[in-house]
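Descriptive analysis of the structure
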Amino acid sequence: RTQTMSLERAPTLCELTHDAIDEKKYIEHCRAGAAGAISVFIGTTRDTFLGEEVSCLEYEAYAPMALKEMRAIADEITAAYGGDGDERATSDGRGGHGVRAIAMVHRLGRVDARETSVCIVVSASHRRDATDATSYAIEELKKRVPIWKKEQFAARERDGVWKANNLGAFAPKP
């Protein structure tokens, strides 16, 4: 049920899963002796949206394209945050050996309120590379990866709202 890809440069794990996400698994994947920082983003299903109680989200994806796009994002991260190899000039939290490992996982199927929907972990030799790469990963995942969610509201269980990486029916009108 879990689909995985690997990347040669920084050890990379990109997955889509119907199972509960074990955040520690992805943190451990990214732990490395040369990493002085591990940055983690965990996206969860909130229990309300615009004042309505949310019972769950239901995620679907076009898996081959989603995994391909997740890998492309990981490739971009390793290129942009690869470091310069110089550990002597890293006072700004950048440089050194750069990104050491990347893990991205997104849940599919039903995800109840308060459960993890997405987890992104990046380790790097220094903090700014790790945090900036993690931020880049979630923003690009939301923009580019073909994952759709149906938000189910407690008061109207049969009338969920489909959203494609934005606010769907709740998006501001121009």
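The paragraphs below set out a description of the structure included in this document. (Residues numbered from 1 in each chain as written. Predicted model: local features only at pLDDT ≥ 70, side-chain atom pairs only at ≥ 80, totals over all residues. Heavy atoms only, no water.)

1. Some remarks on a nonpolar patch on the surface
For clarity, the threshold we go by: Any residue with relative accessible area above 30% and no salt bridge may belong to a patch, with like charges joined within 9 Å and the nonpolar Val, Leu, Ile, Met, Phe, Trp and Tyr side chains within 5 Å. Surface accessibility in these figures is a Shrake-Rupley result with a 1.4 Å probe; residues are shielded only by whichever protein chains are displayed. Salt bridges are identified by distance alone: a Lys or Arg side-chain nitrogen within 4 Å of an Asp or Glu carboxyl oxygen. Under the scheme used here, helices are H or I runs from DSSP no shorter than 4 residues and strands are E runs no shorter than 2 residues, and both carry numbers assigned from the N terminus. Type-normalised accessible area, obtained with a 1.4 Å probe on protein chains alone, sets the label of each residue: buried when under 20%, exposed when over 50%, and partly exposed for intermediate values.
A cluster of nonpolar residues, Tyr62, Met65, Trp148 and Trp162, forms a patch on the protein surface that exposes about 430 Å² of accessible area. For tyrosine 62, the position within the fold is in the loop between strand S5 (52–61) and helix H2 (63–80). For tyrosine 62, a relative accessible area of 46% gives the class partly exposed.

2. With respect to the pattern of salt bridges
Overall, the coordinates contain 10 salt bridges when judged by the stated rule. One salt bridge in this structure joins arginine 144 and glutamate 76, with 2.9 Å as the shortest N-O distance. Residue arginine 144 is found in helix H3 (residues 127–144), and its partner glutamate 76 is found in helix H2; the two are separated by 68 residues along the sequence. On the basis of relative accessibility, which here comes to 27%, the residue arginine 144 falls in the partly exposed class. Three or more residues are tied together by salt bridges with common partners; here these are Glu69, Glu76, Glu140, Lys143 and Arg144.

3. With respect to the pairing of strand S9 (residues 147–153)
Just so we agree on the cut-off: A pair of strands counts as paired when DSSP detects no fewer than two bridges linking them.
For S9, the tally of buried residues reaches 6 of 7 residues, placing the bulk of the element in the interior. Pairing between S5 and S9: 7 bridges, direction antiparallel. In the strand pairing of S9, glutamate 58 is matched with lysine 150. Bridge count for S9 against strand S10 (residues 161–163) is 3 bridges, and the pairing is antiparallel.

4. Overview of the side chain of threonine 134
Selection criterion: Contacts are assigned to residue pairs with any non-hydrogen atoms lying within 4.5 Å of each other.
With respect to the helices and strands, the residue threonine 134 is situated in helix H3. In this structure threonine 134 touches Ser39, Val40, Phe41, Ile120 and Val122, once residues within four positions along its chain are discounted.

5. Section: the state of the cysteines
For the record, the criterion: Any two cysteine sulfur atoms within 2.5 Å of one another count as a disulfide.
What the rule picks out here adds up to 0 disulfides. In this structure cysteine 119 is not part of a disulfide, and its nearest cysteine sulfur, from cysteine 30, lies 8.6 Å away.

6. A word on the environment of threonine 48
By secondary structure assignment, the location of threonine 48 is in strand S4 (residues 48–49). For the pair threonine 48 and phenylalanine 153, spaced 105 residues apart in sequence, the C-alpha separation works out to 8.4 Å.

7. Points about the pairing of strand S8 (residues 116–124)
In terms of residue burial, S8 counts as a mostly covered element, since 9 of its 9 residues are buried. Both strand S3 (residues 37–44) and S8 contribute to a ladder of 8 bridges, which runs antiparallel. Bridging across to S8, threonine 44 finds its partner in threonine 116. In the sheet, strand S6 (residues 99–107) pairs with S8 via 7 bridges, with the strands oriented antiparallel. Paired with alanine 103 across the bridge in S8 is valine 121.

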